[in-house]
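Chain and residue survey
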Amino acid sequence: MDFRLVDLSADEIAAQLAVVEPLTESVRALIDAVIRTEVPDDDLDDARRRIDAVTASLRAAQKPGSYGVPFTRDFTGMPWGNAAVGVRNAIAPPLRVDHHDDGTATARVRLGAAYEGPAGLVHGGISAMLLDQMLGEAASVGNGTPCFTGTLTVKYLRPTPLGDVDLRARTTGSEGRKVFVRAELCDADGPTVTAEGIMVSPRNLPSPDQIAKLRAATAADHDA
Ligand SMILES: CCCCCCCC(=O)SCCNC(=O)CCNC(=O)[C@H](O)C(C)(C)COP(=O)(O)OP(=O)(O)OC[C@H]1O[C@@H](n2cnc3c(N)ncnc32)[C@H](O)[C@@H]1OP(=O)(O)O
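Residues numbered from 1 in each chain as written. Predicted model: local features only at pLDDT ≥ 70, side-chain atom pairs only at ≥ 80, totals over all residues.

1. Focus: the overall build of the protein
What counts here: Runs of H or I in DSSP of at least four residues are treated as helices and runs of E of at least two as strands, each being numbered from the N terminus. Throughout, a pair of residues is in contact if the C-beta atoms placed from their backbones lie within 7 Å.
Along the backbone of the protein there are four helices and six strands. Its helices and strands in sequence order give the protein the pattern α-α-β-β-α-β-β-β-β-α, from N to C terminus. Seen through its principal axes, the protein has C-alpha atoms that stretch 60 × 45 × 25 Å. The contacts in the protein between residues at least 6 apart in sequence include a share of 63% that link residues at least 24 apart.

2. Quick word on the UniProt feature "domain: Thioesterase" (unreviewed entry) in the protein
What counts is decided by this rule: UniProt positions are given in the numbering used here, feature names are shortened, and annotations may be inferred rather than shown by experiment.
Under the feature "domain: Thioesterase" (unreviewed entry), the UniProt entry names residues 120–193. Structurally, residues 120–193 is divided into 27% helix and 49% strand, and its ends, taken at the C-alpha atoms, are 16 Å apart.

3. Focus on the site of the ligand
Applied cut-off: Only the C-beta atom matters for this test: placed from the backbone, it must lie within 6 Å of a molecule or strand for the residue to be near it. Residue polarity is assigned by list, with Asp, Glu, Lys and Arg as charged and Ala, Val, Leu, Ile, Met, Phe, Trp, Tyr, Cys and Pro as nonpolar; anything else, Gly included, falls into the polar class.
Near the ligand you find 18 residues, and of these Gly 136, Gly 150, Thr 151, Pro 202 and Arg 203 are the closest. Among the elements of the structure, helix H3 (124–143), strand S3 (148–156) and strand S6 (190–200) are those that each provide at least two residues to the shell around the ligand. Element by element, the count of residues in the shell around the ligand is highest for H3, at five residues. Tallied by class, residues from the shell around the ligand come to five nonpolar, seven polar and six charged.

4. Comments concerning helix H2 (residues 41–58)
Quick reminder of the rule: How far a helix is expected to stretch is found by multiplying one less than its residue total by 1.5 Å. Every C-beta atom is placed from the backbone, and the number of other C-beta atoms within 10 Å of a residue's own sets its class: buried at 20 or more, exposed at 12 or fewer, partly exposed in between.
Spanning 18 residues, H2 covers 26 Å between terminal C-alpha atoms, matching the ideal 26 Å at 1.5 Å per step. The element H2 is largely exposed, with a buried count of zero among its 18 residues.

5. Concerning the domain arrangement of the protein
Stated formally: Domains are outlined according to an automatic or database domain assignment.
For the protein, the assigned domains read domain 1 (1–94) and domain 2 (98–209). A separation of 23 Å is found between the C-alpha centroids of domain 1 and domain 2. Class assignment for the residues of the side of domain 1 that touches domain 2 results in six nonpolar, no polar and two charged.

6. Here's the deal with the pairing of strand S2 (residues 105–111)
The condition that has to hold: Paired strands, as defined in this entry, are two strands with at least two bridges between them according to DSSP.
Going residue by residue along S2, you find Ala 105, Ala 107, Val 109 and Leu 111 tucked away on one face and Thr 106, Arg 108 and Arg 110 left uncovered on the opposite face. Two strands pair when backbone bridges link them, and strand S1 (residues 98–99) and S2 are joined in this way by two bridges, in the antiparallel orientation. Opposite His 99, over in S2, you have Ala 105 as the bridge partner.

7. Digging into the environment of Ala 83
On the secondary structure map, Ala 83 appears in the loop between H2 and S1. Considering only alpha carbons, one finds Ala 83 and Met 199, 116 residues apart in sequence, at a separation of 18 Å. The contact partners of Ala 83, leaving out residues within four places of it in the chain, are Asn 89, Ile 91, Ala 92 and Met 129.

8. A few points about the pairing of strand S5 (residues 178–187)
With nine bridges joining them, strand S4 (residues 163–175) and S5 adopt antiparallel strand pairing. Bridge pairing in S5 places Gly 173 opposite Phe 180. Linking two consecutive strands that pair antiparallel, namely S4 and S5, is a turn of two residues; a positive phi of about 60° is found at Gly 176 within it. With 10 bridges connecting them, S5 and S6 associate as antiparallel partners. What sits directly across from Phe 180, in S6, is Ile 198. Linkage of S5 to S6, two consecutive antiparallel strands, is achieved through a turn of two residues.

9. Focus on unusual backbone geometry
Here Pro 93 and Pro 94 are connected by a cis peptide whose omega angle stands at -10°. Along the chain, Pro 94 turns up in the loop between H2 and S1.

10. Quick look at the sheet that holds S4
By way of backbone hydrogen bonds, the strands of a sheet pair with one another, either parallel or antiparallel. Judged by pairing direction, the sheet is antiparallel, and its six strands sit side by side in the order S1-S2-S4-S5-S6-S3 without closing on themselves. Sheet topology places S1 and S3 at the edges, where each strand pairs with a single neighbour.

11. What about the environment of Phe 180?
Looking at the secondary structure, you find Phe 180 in strand S5. Among the residues examined, Phe 180 registers 16 C-beta atoms within 10 Å and is labelled partly exposed.

12. Focus: the nonpolar core
To keep it simple, the criterion reads: By definition, a nonpolar core groups buried Ala, Val, Leu, Ile, Met, Phe, Trp, Tyr and Cys residues that are joined through C-beta atoms within 7 Å.
Grouped together as the largest cluster of nonpolar side chains are 29 residues, with contacts concentrated most on Leu 131, Met 134, Leu 135 and Leu 167. If you list the elements that add at least two residues to this core, you get S2, H3, S4, S5 and S6. Per-element accounting of this core gives the leading share, seven residues, to H3. Excluding residues that lie within four positions of it along the chain, Leu 167 makes contacts with Thr 106, Ala 107, Leu 130, Leu 131, Met 134, Ala 183 and Leu 185.

Here it is as structure tokens:
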């Protein structure tokens, strides 16, 4: 697992986001447009050529491999390539997760045509992915270290129509490095999918105490 630090201030990150988020949003709009367009085939060919030209221009300077999860100087993670929450990932809806004082994590997201499984309904794998992320978020924030999914159990109660959905996750207990979490995905009428996870903080990660010490040391370096 690649843990790298980037020496970026909050202002520098905000400046990057101001450029990156609209770009990713444009690509999301493109994905939706390609799915639903009814323009003639010749126009599609022309669109492909123009998209290929844009892709080639972005490939002029390309990071090797994936984006990874760099950490800023105050140890904020930047999971910008993440499939569920990544601000650089047009495949991500993206989920914007709020963490609350009572330990719950919540999110509201609109799932459009790109997330279809059965006609007009959310793909089950997408529901599982979003719930998995919510379980990971609730467990990791509550635990103070990143927690990986050990076991994920998903129950589909009824079909989820495409559109706005709400997600909520809460930790129900912990045992050693294991954190037990429950989550639900709801449409306007209530839960459509529920999930239970056993999330595990991997043995080779720094402990919450070690992370707190690293964070304090990095902050002191910057203040000096
Ligand atoms: C903010 C971050 C949000 C991220 C959200 C995204 C969530 C994800 O999608 S994570 C990606 C998917 N998950 C993975 O790839 C995980 C792959 N598996 C692994 O890396 C490891 O097997 C891992 C981390 C689960 C456990 O490894 P390790 O640290 O060596 O655990 P280990 O020491 O064997 O076991 C620790 C405890 O966990 C339990 N455990 C281990 N694996 C599992 C499992 N798969 N299911 C349930 N419990 C498990 C063990 O039984 C043990 O329990 P106990 O202390 O009671 O004996």
